[in-house]
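So you can see what is in the structure, the chains are spelled out below.
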Amino acid sequence: MERLGPEAVKWRKQMHRRRFRRRDVIFHQGEIGDTVHLIDKGRVLIEVSMARGDVAALSVRWPGEIIGELAVVGAGRRTARATALEPTETLALTQKMLAEFRAENPAVDRYFVEVLADKLIQSNEQMVDILFESVETRVMRVLLRLVAAFDRGNLPIVVGVRQADIAAMVGASRQSVNQSLKLAESSGVIRLRRGHTEILDLARLQNLAR
């Protein structure tokens, strides 16, 4: 949002604060999208439901990031579900307010184009990884991306995502992902815990993700 410069202050003053408990659903896949959320506190898991009934985790979003913009800008339905991984607060911007801002300032449209472009680049990078990289490398790269979401400035970095969700982000079976995680644990890079993973050696993780 800083890319809007002084306009960001105006946005924040008119946005409505929403609070969510851990595991609360912020919005559901398939529903009509009428609100954009700026994450102010907490972390949010983005998931999609597959036709066969499976649920696949796509990414984790953190403070300063926008979620739900695709449905609102495109006047369509939510393409994914957003769930709070921890107590979370967002600043919500309605579709009507967004339309007013877009009419007043062309920089708003440019901002959303940049947001969508950034997310498209991330999706393309994940797809290339799935097509050409080994499972072990993909696991390390997903962990490294999750570090950006959960890093609080000191080690260990606690990545509050389940192994099943990591497997979905990697695009591999839970068994093969678990084998890679166990190998990294035996090397002292990470420590596996129930419901989360602790990053012990960030420099070595970065090397393994190359």
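Note that the structure is predicted; figures quoted are calculated from it, not measured.

A. View of helix 6 (residues 163-170). Extensive coverage of helix 6 is indicated by the burial of six of its eight residues. Those residues of helix 6 that fall on the buried side of the exposure criterion are Gln163, Asp165, Ile166, Ala167, Met169 and Val170. The positive-phi residue at the C-terminal boundary of helix 6 is glycine 171, with phi of around 80°.

B. Structural detail: the environment of isoleucine 66. Among the structural elements, isoleucine 66 can be located in strand 6 (residues 66-67). The buried category is assigned to isoleucine 66, whose relative accessible area is 4%. Considered as a pair, isoleucine 66 and isoleucine 39 are 27 residues apart in the sequence and their alpha carbons are 6.4 Å apart.

C. Region of the structure containing the packing of aromatic side chains. In this structure the tally under the stated criterion is one aromatic pair. Geometrically, the ring pair formed by tyrosine 111 and phenylalanine 112 is edge-to-face, given 5.4 Å between the ring centres and 80° between the ring planes. Here tyrosine 111 and phenylalanine 112 have matching classes, each one buried. Over the aromatic face of phenylalanine 27 sits the side chain of arginine 78, whose NZ or CZ is 4.2 Å from the ring centroid.

D. The arrangement of empty space enclosed by the protein in detail. Per the stated rule, a full pass over the model turns up one cavity of 30 Å³ or more. If you add up the space inside the largest cavity, you get close to 30 Å³. Residue lining of the largest cavity: Gln126, Asp129, Ile130, Arg138, Val142, Arg145, Met169 and Val170, and that is the complete set. Put simply, the parts of the chain that give the lining of the largest cavity at least two residues each are helix 4 (107-132), helix 5 (135-150) and helix 6. For the lining of the largest cavity, a count of residues per class yields four nonpolar, one polar and three charged.

E. Quick peek at the packing of helix 5 against helix 6. Relative orientation of the contacting elements helix 5 and helix 6 amounts to 115°, with a least axis distance of 9 Å. When the interaxial angle is binned, helix 5 and helix 6 end up roughly perpendicular. In terms of crossing hand, the pair formed by helix 5 and helix 6 is right-handed. Contact residues: Val135, Arg138, Val139, Val142, Leu143 and Leu146 in helix 5; Ile166, Met169 and Val170 in helix 6. Its residues placed into classes, the contact of helix 5 with helix 6 shows eight nonpolar, no polar and one charged.

The rules behind these values
- Residues numbered from 1 in each chain as written.
- Predicted model: local features only at pLDDT ≥ 70, side-chain atom pairs only at ≥ 80, totals over all residues.
- Heavy atoms only, no water.
- Buried < 20%, exposed > 50% of the residue type's maximum accessible area, 1.4 Å probe, protein only.
- Helix = DSSP H or I, 4+ residues; strand = E, 2+ residues; numbered from the N terminus.
- Phe/Tyr/Trp six-rings, centres within 6.5 Å; stacked < 30°, edge-to-face > 60°.
- Lys NZ or Arg CZ within 6 Å of the ring centre and 35° of its normal.
- 1 Å grid on protein atoms, 1.4 Å probe; cavity = no way out; pocket = protein on both sides within 12 Å on 5 of 7 lines; lining within 4 Å.
- Points joined across faces, edges and corners; volume = space filled by probe spheres on them.
- Nonpolar A, V, L, I, M, F, W, Y, C, P; charged D, E, K, R; others polar.
- Axes fitted to C-alpha atoms, helices over the stretch in contact; angles between N-to-C directions.
- Parallel < 35°, antiparallel > 145°, perpendicular 65-115°, else oblique.
- Left-handed = near helix turned anticlockwise from the far one by under 90°.
- Contact = heavy atoms within 4.5 Å.

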